[in-house]
Amino acid sequence: MRIVVAGAGDFGLSVAQLLTAENFDVVLVDNNPERVKAVQGAVDCMVLEGNPCTKTLFARPDVAEGDMFIACLPQDEMNMVSCMLAKHYGIPKTVACVREADYMRYEKDFVHEEMKIDLLLNTDYILAKEISKILTASSSLEVENFAGGKVKMFEGRIGEDTPFVNKTLKELALPKDVLVALILHDKDVVIPSGETILSLGDYVYFVGMADSITEFEKNFSTVYTKPQKVLLIGAGRTGRFTAPLLERRGLQVKAIEKNRERCQLLAAELKSGMVLCGDGTNVDLLTEEGVAEADVVVCITDDDKLNLMVALLAKHLGAKRTLVRVDNSDFVDLMGKVGVDEVLSTRSLMAERLLRFVHGADLLHVSVLDDAQAEALELAVGIGSVADGKMVKDLGIPVDALLCAVVRGNDVYIPKGSTVLNAADRLVVLTKNGDVTAITNIFESRN
């Protein structure tokens, strides 16, 4: 599949790097010659100079032969216009990155039906949805559910009080329907074997039958009850998506923002929540507004360093739990090490939504882990596929991937090499090398 990415700024470059890692044929386009020259060594794909809002670009064979067009230009309107041109000149699928909330509100009627744009990608909206999901879940360790809730995956940290520290996987007394699927050791992503040792500080992803995982979570101490009081730091675009969503879920929301115009915009969106115009780094203000009484402090400004500073300050003042937005991938690991409870990477969330769309019907679900270094996939065994009627050991699954669970009807299995797969089985697969296409090729229908 050839994917044309318009815009070689930070976001467009990130998208191009993600898709080349997935082994797609990517063409990156930008009308700034200096930027084109600067990114040529940063991404392993064709880089062209051209204006995505003109007919001339789409007459070029390298672009005209594209199967998908993703617009990551600086202005929303430029992105939508370029997507309309791409569709007009024969590129079947289009994605427009947008920032304004109004476009998301009219996505179905106006954008899809009138403008013929297939997907609007808004990282602030995606981030708000993820925050809402986390804060209304029963446990902060829960990462994702698959197969309609029959299979559950959660992340646990190996601490001194965990019974698994310094043990090999084969020494662990795990329930028969719980599997260690992936380990984050320092900055390395490990698909484990029986000889793999769990070290202090490792983050481990466990996959298994939902009921068994729920019981198994009790081995880890970092479990939270659902919050009631939420303190938001920042009322920018992410805050204006997040606060009303949390309020609709029944949470008590209070937001602090130093920009008065942003305060007014958010206040107009809330029914019972409170918006305070002030500096989120002000110790007296945080203390007066009950930072210690808040169940969770959510730092979602567009400044990574500020988010980190406020989160650490909130913890120092007695905050029970902190959740921080991160745009720069280099900050993800640091924040976890210095005491931030949960880190949400905009890159990972964007990647998850984009990959689910790009792979289309081949994937039922995709969850991106560890800032896009690994992915958890849910897919079905297609009729006549390579996997239909074959044993797992004969499928040629890549060495950097692991088949974690098989769902057949209402039953969940942790597969063995001798497990025979049938058409319509639903599978959960973890991969760390990004080659999702190699995996979907095994399971896609041949009829």
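Starting from 1, residues in each chain are numbered consecutively following that chain's sequence as written. Selection of residues for local features in this predicted model requires a pLDDT of at least 70, selection of side-chain atom pairs for listing and counting requires 80 or more, and totals for whole chains, interfaces and linings are taken over all residues. The side-chain numbers reported here are obtained from all heavy atoms of the structure, hydrogens and water having been left aside.

Novice: I tried to follow the pairing of strand E21 (residues 374-380) on my own but got confused; where do I start?
Specialist: In summary, the side chains of a regular strand alternate between the two faces of the sheet. Of all seven residues in E21, six are buried; the element is thus mostly enclosed. Only strands joined by at least two bridges in the DSSP assignment are considered to pair. A run of H or I in DSSP becomes a helix once it reaches four residues, and a run of E becomes a strand once it reaches two; helices and strands are each numbered from the N terminus. Bridge count between E21 and strand E24 (residues 426-431): six bridges; the pairing is antiparallel. In the strand pairing of E24, Ala-380 is matched with Arg-426. Working definition: with a 1.4 Å probe on protein chains only, accessible area under 20% of the residue-type maximum means buried, over 50% means exposed, and in between means partly exposed.

Novice: Mind showing me how you'd approach the packing of helix H1 (residues 10-21) against helix H15 (residues 346-359) here?
Specialist: Relative orientation and spacing of two packed helices are given, respectively, by the angle between their axes and the distance between those axes. Angular values range over 0 to 180 degrees, each being the angle between N-to-C directions of two axes fitted as lines to C-alpha atoms, with helices fitted over their stretch in contact. Between H1 and H15, the shortest axis-to-axis distance is 11 Å and the interhelical angle comes to 55°. As summarised for this structure, H1 and H15 are arranged oblique, according to the angle between their axes. Handedness of the H1/H15 crossing: right-handed. Contact residues: Phe-11, Ser-14, Val-15, Leu-18 and Leu-19 in H1; Arg-347, Met-350, Ala-351, Leu-354, Leu-355 and Val-358 in H15. Any angle between 65 and 115 degrees counts as roughly perpendicular, while under 35 counts as roughly parallel, over 145 as roughly antiparallel, and the rest as oblique. Rotating anticlockwise by less than a right angle from the far helix to the near helix defines a left-handed crossing, while the corresponding clockwise rotation defines a right-handed one. By the convention used here, residues are in contact when the closest approach between their heavy atoms is within 4.5 Å.

Novice: Hey, could you run me through unusual backbone geometry in this one?
Specialist: Excluding glycine, most residues fall at negative phi; most peptide bonds, likewise, are trans. Phi is positive for Asn-23, close to 70°, though the residue is something other than glycine. Tracing the chain through its elements places Asn-23 in the loop between H1 and strand E2 (25-30). Exposure remark for Asn-23: the relative accessible area of 53% places this residue in the exposed category. Located in the positive-phi region is Ala-147, a residue other than glycine, with phi close to 55°. Mapped onto the fold, Ala-147 is located in the loop between strand E7 (142-146) and strand E8 (151-157).

Novice: What exactly am I supposed to notice about the environment of Asp-177 here?
Specialist: Relative to the helices and strands, Asp-177 resides in the loop between strand E9 (167-168) and strand E10 (178-185). For Asp-177, a relative accessible area of 12% puts it in the buried group. Setting aside its immediate chain neighbours within four residues, Asp-177 contacts Val-207, Gly-208, Met-209, Ser-212 and Ile-414.

Novice: Got a minute to help me understand a nonpolar patch on the surface in this structure?
Specialist: Residues enter patches when they are more than 30% accessible in relative terms and free of salt bridges; like-charged ones are connected within 9 Å and nonpolar ones (Val, Leu, Ile, Met, Phe, Trp, Tyr) within 5 Å. For the area figures, the Shrake-Rupley method with a 1.4 Å probe applies, and any residue is considered shielded solely by the protein chains shown. When a carboxyl oxygen of Asp or Glu is within 4 Å of a side-chain nitrogen of Lys or Arg, the pair counts as a salt bridge. Judged by side-chain polarity, Leu-312, Leu-334 and Val-338 come together as a nonpolar surface patch covering roughly 210 Å² of accessible area. Mapped onto the elements of the fold, Leu-312 is located in helix H13 (residues 304-316).

Novice: So what exactly am I meant to see when it comes to the sheet that holds strand E19 (residues 342-345) here?
Specialist: Sheets are built from strands that pair by backbone hydrogen bonding, the pairs being arranged parallel or antiparallel. One open sheet accounts for six strands, arranged E16-E15-E14-E17-E18-E19; its pairing is parallel. Only two strands of the sheet have a single neighbouring strand rather than two, namely strand E16 (274-277) and E19. Averaged over all adjacent pairs, the angle separating strand axes in this sheet is 20°, with direction ignored. Sheet topology note: the strand E15 (residues 252-257)/E16 ladder contains four bridges and is parallel. Its bridge partner being in E16, Ala-255 is matched across the sheet by Val-275.

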